[in-house]
Amino acid sequence: MFFLILFDIIGNNMAVPKRRKTSSRRDQRRMHLFLKSPALTFCPKCKKPARPHTVCLNCGYYNGKEIIDVLGKLTKKERKKREKEMKATEKREKTEKPLTMEELSKK
Ligand SMILES: [Zn+2]
């Protein structure tokens, strides 16, 4: 009796697949296992790609209001660099006018 119980514990009583799954079957199963790229829109303030309905992590703005003080979290050196970038983008916006259809066709 004891040996029977021992055999039960040691013996392989697990469910075992009857047939090997082909690579085709395996790959068909894994067809849906992949990472989807996140939906991205462009931040209306800094024009960088940002997730929709989310505070922009680049400038800290959402719905026209500053939510996160982005510059406050940076070191002095990083802050200077970021401020320069922001000014540059603002300048570009002012100087760049939306292209007319003629200009676009030339491009
Ligand atoms: Zn932004």
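Just so we're clear, the structure is a prediction, and the values are computed from it rather than from any experiment.

Turning next to the overall build of the protein chain. Within the protein chain one finds four helices and four strands. Seen in sequence order, the protein chain has helices and strands lined up from the N terminus as α-α-β-β-β-β-α-α.

Quick look at the coordination of the zinc ion now. At the metal site, the zinc ion is ligated by Cys-43 (SG), Cys-46 (SG), Cys-56 (SG) and Cys-59 (SG), and these contacts range over 2.2 to 2.3 Å. Each of the four donor atoms around the zinc ion contributes to a set of angles spanning 103 to 117°, which defines the coordination as tetrahedral.

Our focus in this paragraph is the packing of aromatic side chains. How two aromatic rings sit relative to each other is given by the distance of their centres and the angle of their planes. Taken as a whole, this structure holds zero aromatic pairs when the rule is applied. Note that Lys-36 overlies the ring of Phe-34, its terminal NZ or CZ placed 5.7 Å from the centroid. Here Lys-45 stacks its cationic end above the ring of Tyr-61, 4.5 Å away from the centre of that ring.

Turning our eyes to something else, we now look at unusual backbone geometry. With a phi close to 65°, Lys-47 is a non-glycine residue in the positive phi region. Along the chain, Lys-47 falls in the loop between β1 (41-42) and β2 (49-50). We note that Asn-63 has phi near 55°; this positive angle belongs to a residue other than glycine. Mapped onto the elements, Asn-63 comes out in the loop between β3 (61-62) and β4 (65-66).

Glancing now at the confidence of the model for the protein chain. The pLDDT averaged across the protein chain works out to 83; a share of 83% of its residues lies at or above 70. Mean pLDDT across the elements of the protein chain bottoms out in helix α1 (residues 2-10) (56) and peaks in helix α2 (residues 23-29) (96).

Conventions adopted
- Every chain begins its residue count from 1, and numbering advances along the sequence as written.
- The model is predicted, so local features are restricted to residues of pLDDT at least 70 and side-chain atom pairs to those at 80 or more, both for listing and for counting; the totals for chains, interfaces and linings are taken over all residues.
- Hydrogen atoms and water are omitted, and side-chain values are computed over all heavy atoms in the structure.
- Helical segments are the DSSP runs of H or I of at least four residues, strand segments are the runs of E of at least two, and each set is numbered from the N terminus.
- Coordination shells were defined by N, O and S atoms within 2.8 Å of each metal, extended to 3.2 Å for Na, K and Ca; water is absent from the atom set, which can make sites look incomplete.
- Square planar and octahedral assignments, for four and six donors respectively, both demand that opposite donors be over 155 degrees apart and that all other angles lie between 65 and 115; tetrahedral needs four donors with all angles between 85 and 135 degrees, and anything else is irregular.
- Side-chain rings of Phe, Tyr and Trp (the six-membered ring for Trp) are treated as a pair once their centres are within 6.5 Å; stacked means planes under 30 degrees apart, edge-to-face means over 60, and tilted covers the remaining angles.
- We call a charge positioned over a ring when the NZ of a Lys or the CZ of an Arg lies within 6 Å of the ring centre and within 35 degrees of the ring normal.
- Each residue carries a pLDDT score, the predictor's own confidence in it, on a scale running from 0 to 100.

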